[in-house]
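This is what each chain is made of:
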Amino acid sequence: MKASKRVFLYFCVVVLLNMAANFAHPVTPTFIVERKLDSSMFGVALAAMMTANFLFSPFWGRLCSYIPTKRIMLICGFGYAVGQVIFCGAYTEWMVIGGRMFAGIFTGGLYIALSNYILNITADPMQRAEKLTVQITLQNVSGAVGYFVGGMLGLISVETAFLAQILLLVLCALLFFLICEDDTPYKHQPDRPLSIGDANPFGAFLAAKSFLSPMMLLLFIITAVTSIGQNSFEQCFNYYIKDQFGLSSAYNGIFKAIIAVVTLLANGTICVWLQRKTNINLSFLPVMLCCTVSLGAILFFDSLLPFVLVDILFFTFNAVRLPLLQNMTAMRSTPESSNAVMGFYQAMGSMGGIFGALFAGLIYDINPLLPFILAFGSFAVGSAVTLLYTKKYRREQA
């Protein structure tokens, strides 16, 4: 199979995977209500998933150096599906948490494998940046389409959305294994064999000291704090429009479909232009500020239409932010450390997601606007750290 055709088919499966991964999100509020679970579970369940993701992401990143990434895609795709089976069958809070944690072990590995596959098979830095941008764009757009499809399936029943998700996850795992090439020849070979101790997630974190520079540390801080904000906002928004405005899961899907179209346009124009025509280490700051301002604007509205418009505006800027941040991180890695760096990058995003989702669920009952205030505050901190990174980068170049 030609390399170009293989990459095209790979991206097609990436689209299917991210659609499937989002089928359950728009029906989760309905799931919580129908099964008479505590309202905080909309945040606690995701936090449980993110915790497992955080703990195991560095391990999966390390494992990518030892075995073909397509094998990790296969294992993690099946593991993710099993976790969703447990989630779908849950009628207690503890079963929900258990199912989400089990799925979280494997979702981190799956997305780390996707990033590392592109890094490993693409030698040219510019082509690598463009493929990573394409991949993140497809993840965002197809994820939004998945929200829409999941919302429509949710009108039939919550279980229908879960069943479609589980079957498609299994299919994607098999397709990745069949389509992707073995990237072993392209990877730096570790100087020692994999050991049982490498399965210790905390050991994988300690190994990060071998590649963690002060500038990369700032990027990881930005990744973590903005993940707090993004997850707090997104999880709360999904529940808020059902709780405060009484909208069904279909509306969650419709809003995400609109975001998908706007995201595709933004990443196909703004993001590509920034990658090609600017130094993204400098142009990243204005993008961060746009995300922060749009989140702050939502605090001034309490009616549905402006609330939704600001939601779309934030996710448009956020869609541009994500590939820039990942590319900035990848640019500071080496062939020896790239797999581990992507694992750590995923872990930092998950760590932020833990606090964002958990706090959003716990503080929502105090005041429904508190999770939105948390989201704005997190991006404000992220913008401040980005300003510090930009100043240090200018001195570094000088």
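Here the structure is a predicted model, which means the values were calculated and not measured. (Residues numbered from 1 in each chain as written. Predicted model: local features only at pLDDT ≥ 70, side-chain atom pairs only at ≥ 80, totals over all residues. Heavy atoms only, no water.)

1. Thoughts on the overall build of the chain
Secondary structure assignment for the chain yields 14 helices and zero strands. Scaling as 2.2 N^0.38, a compact globule of 398 residues should have a C-alpha radius of gyration of about 21 Å, and the chain matches this with 20 Å. Reported as C-alpha extents along the three principal axes, the dimensions of the chain are approximately 55 × 45 × 40 Å. Taking all 398 residues of the chain together, the buried fraction comes to 59%. (Helix = DSSP H or I, 4+ residues; strand = E, 2+ residues; numbered from the N terminus. Rg over C-alpha atoms; globule rule 2.2 N^0.38 Å. Buried < 20%, exposed > 50% of the residue type's maximum accessible area, 1.4 Å probe, protein only.)

2. As for the environment of Asp 365
Structurally, Asp 365 can be placed in the loop between α13 (338-364) and α14 (370-397). The spacing of Asp 365 and Ser 40 is 325 residues in sequence and 7.8 Å in space, taken between C-alpha atoms.

3. Focus: the side chain of Thr 316
With respect to the helices and strands, the residue Thr 316 is situated in helix α12 (residues 304-331). Residues contacting Thr 316, with those up to four places away along its chain left out, are Val 262 and Ala 266. (Contact = heavy atoms within 4.5 Å.)

4. Topic: α14
Helix length check: α14 (28 residues) gives 40 Å between terminal C-alpha atoms against 40 Å at 1.5 Å per residue, within 8%. All buried positions along α14 are accounted for by Pro 371, Phe 372, Ala 375, Ser 378, Phe 379, Gly 382, Ser 383, Val 385, Thr 386, Tyr 389, Thr 390 and Tyr 393. (Expected span 1.5 Å × (residues − 1).)

5. So, the layout of surface pockets
Put simply, the largest pocket is a space of about 430 Å³. Elements represented by at least two residues in the lining of the largest pocket include exactly α3 (41-63) and α13. Tallying contributions element by element places α13 first for the lining of the largest pocket, with four residues. In this model, the second largest pocket occupies a volume close to 250 Å³. Lining the second largest pocket, in full, are Pro 125, Met 126, Arg 128, Ala 129, Leu 132, Gln 275, Thr 278, Asn 279, Ile 280, Asn 327, Ala 330 and Met 331. (1 Å grid on protein atoms, 1.4 Å probe; cavity = no way out; pocket = protein on both sides within 12 Å on 5 of 7 lines; lining within 4 Å. Points joined across faces, edges and corners; volume = space filled by probe spheres on them.)

6. Some points on the environment of Ile 373
Residue placement: Ile 373 occurs in helix α14. Overall, the relative accessible area of 44% leaves Ile 373 in the partly exposed class. With 60 residues separating them along the chain, Ile 373 and Leu 313 place their C-alpha atoms 17 Å apart.

7. A look at empty space enclosed by the protein
Per the stated rule, a full pass over the model turns up three cavities of 30 Å³ or more. Approximately 1,100 Å³ is the volume attributed to the largest cavity. Lining the largest cavity we find 41 residues, and of these Met 50, Gln 139, Asn 140, Gln 230 and Leu 322 sit closest to its centre. Secondary structure elements with two or more residues in the lining of the largest cavity: α1 (3-21), α3, α5 (93-121), α6 (125-156), α9 (214-243), α10 (249-277), α12 and α13.

8. Thoughts on the environment of Ala 173
The topology assignment puts Ala 173 in helix α7 (residues 158-179). Residue Ala 173 is classed as buried on the basis of its relative accessible area of 2%. The spacing of Ala 173 and Leu 17 is 156 residues in sequence and 8.5 Å in space, taken between C-alpha atoms. Not counting the four nearest positions on each side in its chain, Ala 173 is found in contact with Met 73, Leu 74, Gly 77 and Phe 78.

9. Let's talk about the packing of aromatic side chains
Evaluation of the coordinates by the stated rule reveals 18 aromatic pairs. Judged by centre distance (5.0 Å) and plane angle (65 degrees), the ring pair of Phe 31 and Phe 87 falls under edge-to-face. Here Phe 87 lies in helix α4 (residues 69-88) and Phe 31 lies in helix α2 (residues 28-34), a separation of 56 residues in the sequence. Residue Phe 31 shares its accessibility class with Phe 87, and that shared class is buried. Every member of this aromatic cluster is reached through a ring pair, and the members are Phe 233, Phe 307, Phe 314, Phe 315, Phe 372 and Phe 379. (Phe/Tyr/Trp six-rings, centres within 6.5 Å; stacked < 30°, edge-to-face > 60°.)

10. A short note on the side chain of Gln 139
Inspection of the secondary structure assignment puts Gln 139 in helix α6. On the basis of relative accessibility, which here comes to 17%, the residue Gln 139 falls in the buried class. Leave out the neighbours within four places in its chain, and Gln 139 touches Val 14, Asn 18, Tyr 111 and Leu 114.

11. What about unusual backbone geometry?
Unlike most non-glycine residues, Lys 36 shows phi in positive territory, near 55 degrees. Relative to the assigned elements, Lys 36 resides in the loop between α2 and α3. We classify Lys 36 as exposed; its relative accessible area is 73%.

12. A word on the pattern of salt bridges
Per the counting criterion, the structure on display carries three salt bridges. A salt bridge links Glu 159 to Arg 35, with the shortest nitrogen-to-oxygen separation between them at 2.7 Å. Of this pair, Glu 159 sits in helix α7 while Arg 35 is found in the loop between α2 and α3, placing the two residues 124 residues apart along the sequence. Looking at Glu 159, the relative accessible area reads 34%, which means it is partly exposed. On the basis of relative accessibility, which here comes to 9%, the residue Arg 35 falls in the buried class. For the salt bridge of Glu 396 with Arg 332, the shortest nitrogen-to-oxygen distance reads 2.8 Å. Taken together, the residues Glu 396 in helix α14 and Arg 332 in the loop between α12 and α13 connect sequence positions 64 residues apart. (Salt bridge = Lys/Arg side-chain N within 4 Å of Asp/Glu carboxyl O.)

13. Re α4
Here α4 contains 20 residues, and its C-alpha end-to-end distance of 28 Å stays within 8% of the 28 Å for a straight helix at 1.5 Å per residue. Most of α4 sits inside the fold, with 14 of its 20 residues counted as buried.

14. Let's talk about the packing of α6 against α7
The N-to-C vectors of α6 and α7 enclose an angle of 135 degrees; their axes lie 5 Å apart at closest approach. Taken together, the axes of α6 and α7 are oblique relative to one another. Of α7, the residues touching α6 (which contributes Gly 150, Leu 153, Gly 154 and Ile 156) are Val 158, Thr 160, Ala 161 and Ala 164. (Axes fitted to C-alpha atoms, helices over the stretch in contact; angles between N-to-C directions. Parallel < 35°, antiparallel > 145°, perpendicular 65-115°, else oblique.)

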